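An overview of the molecular structure
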Amino acid sequence: MSAVSVLIADDHEIVRRGIRALILEHSEWQIVAEAKNGRDAVAKANEFKPELAILDITMPSLNGLDATRQIAKVSPGTKVLILTVHDSDPLISKVLQAGARGYILKADAGRDLITAAKALLSDKTFFTPKVAQIVMDGYLDKGPKASEEGSSQITGREREIMQLLAEGKSNKEVGTILGIETKTAETHRSNLMRKLDCHSVAGIVRYAIRNHLLEA
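Residues numbered from 1 in each chain as written. Predicted model: local features only at pLDDT ≥ 70, side-chain atom pairs only at ≥ 80, totals over all residues. Heavy atoms only, no water.

Check the secondary structure of the chain and you find ten helices and six strands. Summarising the internal contacts of the chain: among those between residues at least 6 apart in sequence, 63% fall at separations of at least 24. Approximately 10,700 Å² of the chain is accessible, and the part contributed by carbon and sulfur atoms is 51%. (Helix = DSSP H or I, 4+ residues; strand = E, 2+ residues; numbered from the N terminus. Contact = heavy atoms within 4.5 Å. Areas by Shrake-Rupley, 256 points an atom, 1.4 Å probe, with all protein chains shown as cover.)

Dropping the structure here:
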């Protein structure tokens, strides 16, 4: 019987070390790759096709939410488990809609991580108790709030550009990272600012912080 393949993605070495220690207690599991940011996580998911990916939400270059969406495309067989400090209702909704099947808080990792991993590997879902209560209350059945209507129209590429701009990248640097022309990056930025109804990169940064796409 082959070992279960696991990918770990978190920008903090101490967190990856802790997850690694928990995973390696099980001889039937194998860590095939680790990533420090969401973009690298997607690339390694595409390369290794792991059975389980454990992702943080707040990572540089590409956040865990968008990384989850992309992993679902490049490695549809990979079960995604979100491990984060954030427990906001809108974020939980977005992550589950993106394709994650588990969501646990870092404070509960020592107790819940292995149980959650086993659940996902058995084609089940798993949520930290607080998150489970939100799901049970039918949060996902509620319509978007009026204040979120504009942001709900943001494309995947625009979300990537939003994070890179919020991290201080220029239009040229954004183009280089994403493999697009600088002019195309500028067009995406203009569309993004219109949809968010903001008139500066500072507005994009505020939106990204509010939605836990980067640290405040």
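Alright, that's what it looks like, and here's the rest.
Glancing now at the sheet that holds strand β2 (residues 29–35). Strand order in the open sheet made by the six strands is β2-β1-β3-β4-β5-β6, with parallel pairing throughout. The strands lining the two open edges of the sheet, one partner per strand, are β2 and β6 (126–127). Taken together, the four bridges between strand β4 (residues 79–84) and strand β5 (residues 102–105) define a ladder with parallel strand orientation. Counterpart to L81 in the pairing with β5 is G102. (Pairing = 2+ DSSP bridges.)

When charged atoms on two side chains of opposite charge get close, those side chains can pair. Under the defined criterion, the tally for this structure stands at 16 salt bridges. For the salt bridge of E13 with R17, the shortest nitrogen-to-oxygen distance reads 3.7 Å. Here E13 pairs with R17, and both are found in helix α1 (residues 13–23), just four residues apart, close to one helical turn. Among the residues examined, E13 registers a relative accessible area of 34% and is labelled partly exposed. R17 sits in the partly exposed class, given a relative accessible area of 47%. D66 serves as the salt-bridge partner of R159, at 2.5 Å between the closest nitrogen and oxygen. In this pair, R159 sits in helix α7 (residues 156–166) while D66 sits in helix α3 (residues 64–74), placing the two residues 93 residues apart along the sequence. Pair check on accessibility: R159 and D66 agree, each one buried. (Salt bridge = Lys/Arg side-chain N within 4 Å of Asp/Glu carboxyl O. Buried < 20%, exposed > 50% of the residue type's maximum accessible area, 1.4 Å probe, protein only.)

Judged by nonpolar contacts, the single largest core of 28 residues is most densely connected at L55, I82, V95 and Y103. Tallying contributions element by element places helix α4 (residues 89–98) first for this core, with five residues. Contacts of I82, omitting those with residues within four sequence positions, involve L55, I57, T68, V95, A100, G102, Y103 and I104. Counting residues in each nonpolar core, the second largest holds 20 residues, with I23, I31, L113 and F126 among its members. (Core = buried A, V, L, I, M, F, W, Y, C linked by side-chain atoms within 4.5 Å.)

Turning our eyes to something else, we now look at the packing of α1 against helix α5 (residues 109–121). Following both chains from N to C, one finds α1 and α5 inclined at 55°, their axes separated by 10 Å at the closest point. Accordingly, the angle class assigned to the pair α1 and α5 is oblique. The element α1 and its partner α5 pack so that their crossing is right-handed. In contact with I19, L22 and I23 of α1, α5 contributes A109, L113 and I114. In terms of residue class, the contact of α1 with α5 is built from six nonpolar, no polar and no charged. (Axes fitted to C-alpha atoms, helices over the stretch in contact; angles between N-to-C directions. Parallel < 35°, antiparallel > 145°, perpendicular 65-115°, else oblique. Left-handed = near helix turned anticlockwise from the far one by under 90°. Nonpolar A, V, L, I, M, F, W, Y, C, P; charged D, E, K, R; others polar.)

Here we take up α3. Owing to its 3.6 residues per turn, the α-helix aligns residues three or four sequence positions apart on the same side. Listed in full, the buried residues belonging to α3 are G64, L65, D66, A67, T68 and I71. Its side-chain oxygen at 2.9 Å from the backbone nitrogen of L65, N63 defines the N-terminal cap of α3. (Polar contact = N/O pair within 3.5 Å; in protein donor to acceptor, adjacent residues only side chain to side chain.)

Counting buried residues along β4, five of its six residues qualify, which places the element largely inside the surrounding structure. Here strand β3 (residues 52–55) pairs with β4 via four bridges, running parallel. Opposite I54, over in β4, you have L81 as the bridge partner. With respect to chirality, the unit in which β3 leads through α3 into the neighbouring parallel β4 is right-handed. (Right-handed = clockwise from strand over helix to strand, strands pointing away.)

This brings us to the packing of helix α8 (residues 171–178) against helix α9 (residues 182–196). Put simply, α8 and α9 touch, their axes get as near as 8 Å, and they point 110° apart. Considering the angle they form, α8 stands roughly perpendicular to α9. Contacts between α8 and α9 involve N171, K172, V174 and G175 on the former and, on the latter, T182, A185, E186 and R189. Tallied by class, the residues present in the contact of α8 with α9 amount to two nonpolar, three polar and three charged.

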